[in-house]
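# A closer look at the structure
Listed below are the residues making up each chain.
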Amino acid sequence: MSDLHITTHATPAGPALALRGELDHHSAPLLREAIDRVTLHADEQMVLDLSGLTFCDSSGITAFIVARNRTLESGAAIALAGTPPHILRVLRIVGLDQIFPLHPDTGTAAAVWAQTRNPVGP
Amino acid sequence: MTCGTGHGRESAGSGPGSGVSLEASFSALLEDDIDDLYENAPCGYLSTLLDGQIAKANTTLLTWLGYRREEMVGRMRFTDLLTVGGKLYHETHFGPLLRMQGGVRGIALELKAADGTRLPVLVTSTVKAGADGEPQLVRTTLVDARDRRAYEQELLRGRQEAEAAREQAERDRARLQSVLATLQQSLLPPSLPVVPGLEAAAHYHTASPDHLGGDFYDLFTLGNGRWGFFLGDVCGKGPEAAAVTSLTRYTLRAAALHDADPVTVLGILNTALHEKYASGDARYCTVIFGTLTPRDDGFAVSLASGGHPPVLVTRADGTARYLPTPGGCLVGALPDAPFTAVTTTLAPGDTLLLYTDGLTEARIGTGSGGERYGDDALLDFAARLSPVTPGAAITAVTELLRGFGDGLDDDTAVLCLGVPSVTPIEESS
């Protein structure tokens, strides 16, 4: 059995979920449940911190897409942070690197989000 | 209570003559008429001679059965009151037991009434011996067992209904399994077609026989000597995944017949899947679609990937490499997914290997943190095989999958297409 630990915390930009362990068809439902529990407002950004993720298969990819659909329906945005190289390779194979904004870490994700919300100048 | 005195006082025996008067009143009630007690007892009484002839019967029994006394006494035998089955039972069990033991208790039999109706009774018989100890006659009591029979029938009916429900459930289960097997079979091509100048082989590993798999592949004609092929993986398992697999297969085939350009075909599939599954749960697939066009002594290959792991190609010169298709996006998740095309040629001795990620994501380590097989290992594996025919490659991959044992917990499909190094035409000339 695979192991996945998810910790959720609030940031000024919106909820951030840190994933640690393996994301496969055994553990993907955990991520879906965690995302369902998150309170997400319009104009917020949900960040999935993947820095602790050791494995991701097609079920994990599905969970990412479901998360994206959910945030877009709420009028919110979604971004990935701290994606390790082996996970990035999977994302590239399925083309998700073109769909999800990728950031080095949660802090950068929040900063970029703040910048896009309050662009300089009128 | 007919006695006016209190219970406590009575048992204490106080009061002159009170005990005597109670006894007398009970006697009056209980023994006033022994005949009446016999005739109208709450059970049937029957006395028969040793040959079974009825010598005496009480009113209760006569009433139950609807006989007049003179019709029964001296004219009928006990067995005349029994059903055919009862007669048989009496002959083989009841009678012998009675003779052997001098009594039989609580046997369930059915009596036949004068009007033909049946009366279930519990029968107890004892043999009465005379002063000389020789058997004289048989005394029999018959207890009305209609309530008991009704209860038994309720139990029986309940059991029969439960049994019927179980049988129905088993039939339904068998039917569902057969439907499931048929559907699953329909998701895979029954066999690969014979393509002139091409060798094709495939293997499909099902992780669980109960689950409809989400992996699929096909090889089919496009007319004018051209062929289309695809291999893919629908996310998820079960009936929903199977529905996507079905839609995907038929959309790819239909789209390819219209315009076989791989990027165009994947674009049509993307539109079809996205439109159908835009709302609700994400339904998508990763797929490689390609065409084979005869050229010189081999085929020109054009293929496009929609988020699927890259194809492996082994060459006649003994090399192996991936055919990267970067930037192709999984199919059905986005309204305008980009797809990446690549072309190559298959010359004699070259083989294409298409696979789903069950192969590369099999666990090879032990325990939960087990290492995955991975694409580097797969490339090494192919390099060791190369040059290889599709048939030999499938045999080797099947062996590899078997070696994963429990580490392989996902469906896996593998399709190999290659040009034989010595074509049959060359062989015959």
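Described in the following lines is the structure provided in the data block. The shown structure was predicted, so the numbers you read here are calculated from the model rather than taken from an experiment. (Residues numbered from 1 in each chain as written. Chains lettered and ligands numbered in written order. Predicted model: local features only at pLDDT ≥ 70, side-chain atom pairs only at ≥ 80, totals over all residues. Heavy atoms only, no water.)

To continue, consider empty space enclosed by the protein. This model, assessed by the stated rule, comprises four cavities of 30 Å³ or more. Its volume calculated, the largest cavity comes out at about 90 Å³. Lining of the largest cavity is provided by 14 residues; of these, A:Asp57, B:Glu361, B:Arg372, B:Asp409 and B:Asp410 occupy positions nearest its centre. Class assignment for the residues of the lining of the largest cavity results in three nonpolar, three polar and eight charged. By volume, the second largest cavity amounts to about 50 Å³. (1 Å grid on protein atoms, 1.4 Å probe; cavity = no way out; pocket = protein on both sides within 12 Å on 5 of 7 lines; lining within 4 Å. Points joined across faces, edges and corners; volume = space filled by probe spheres on them. Nonpolar A, V, L, I, M, F, W, Y, C, P; charged D, E, K, R; others polar.)

Before going further, it helps to spend a moment on the sheet that holds strand β1 (residues 4-11) of chain A. All names here are of chain A. Read from one edge to the other, the open sheet built from five strands follows the order β1-β2-β3-β4-β5, with strand pairing classed as mixed. Edge positions in the open sheet fall to β1 and β5 (102-103), since each of these has one partner strand only. In this structure, β1 lies alongside strand β2 (residues 14-23), joined through eight bridges in antiparallel fashion. Bridging from a neighbouring strand, Leu-4 pairs with Gly-21 of β2. Here helix α1 (residues 28-37) sits on the sheet and contacts β1, β2 and β3 (45-56); the angle it forms with β2, its principal contact strand, is near 170°. Those strands touched by helix α3 (residues 85-94) are β3, β4 (77-81) and β5, and its axis lies near 110° from that of β3. (Pairing = 2+ DSSP bridges. Helix = DSSP H or I, 4+ residues; strand = E, 2+ residues; numbered from the N terminus. Contact = heavy atoms within 4.5 Å. Axes fitted to C-alpha atoms, helices over the stretch in contact; angles between N-to-C directions.)

Moving on, we come to unusual backbone geometry. All names here are of chain B. Going from Ser-386 to Pro-387, the amide bond is cis rather than trans, its omega being -5°. Looking at the element boundaries, Pro-387 is found in the loop between α10 (374-385) and α11 (390-404). Of note in the backbone geometry, Asn-224 takes a positive phi value of approximately 55° without being a glycine. Within the element layout of this structure, Asn-224 appears in the loop between β7 (215-223) and β8 (226-234). Here Asn-224 falls in the exposed class, since its relative accessible area comes to 81%. (Buried < 20%, exposed > 50% of the residue type's maximum accessible area, 1.4 Å probe, protein only.)

The subject of this paragraph is the interface of chain A and chain B. It is common to report an interface's size as the accessible area lost on association of the parts. On the side of chain B, 25 residues touch chain A, which itself brings 25 residues to the contact. Across the chain A to chain B interface the summed buried area is about 1900 Å²; carbon plus sulfur atoms make up 49%. Our count for the contact surface shared by chain A and chain B stands at five salt bridges. There are six residue pairs in polar contact (both at pLDDT 80 or more) connecting chain A and chain B. Looking at the side of chain A that touches chain B, the elements with two or more residues in it are β3, α2 (58-73) and α3 of chain A. The element that contributes the greatest number of residues to the side of chain A that touches chain B is α2(A), accounting for seven residues. Classifying every residue of the side of chain A that touches chain B gives ten nonpolar, eight polar and seven charged. (Buried area = accessible area lost by both parts, 1.4 Å probe. Salt bridge = Lys/Arg side-chain N within 4 Å of Asp/Glu carboxyl O. Polar contact = N/O pair within 3.5 Å; in protein donor to acceptor, adjacent residues only side chain to side chain.)

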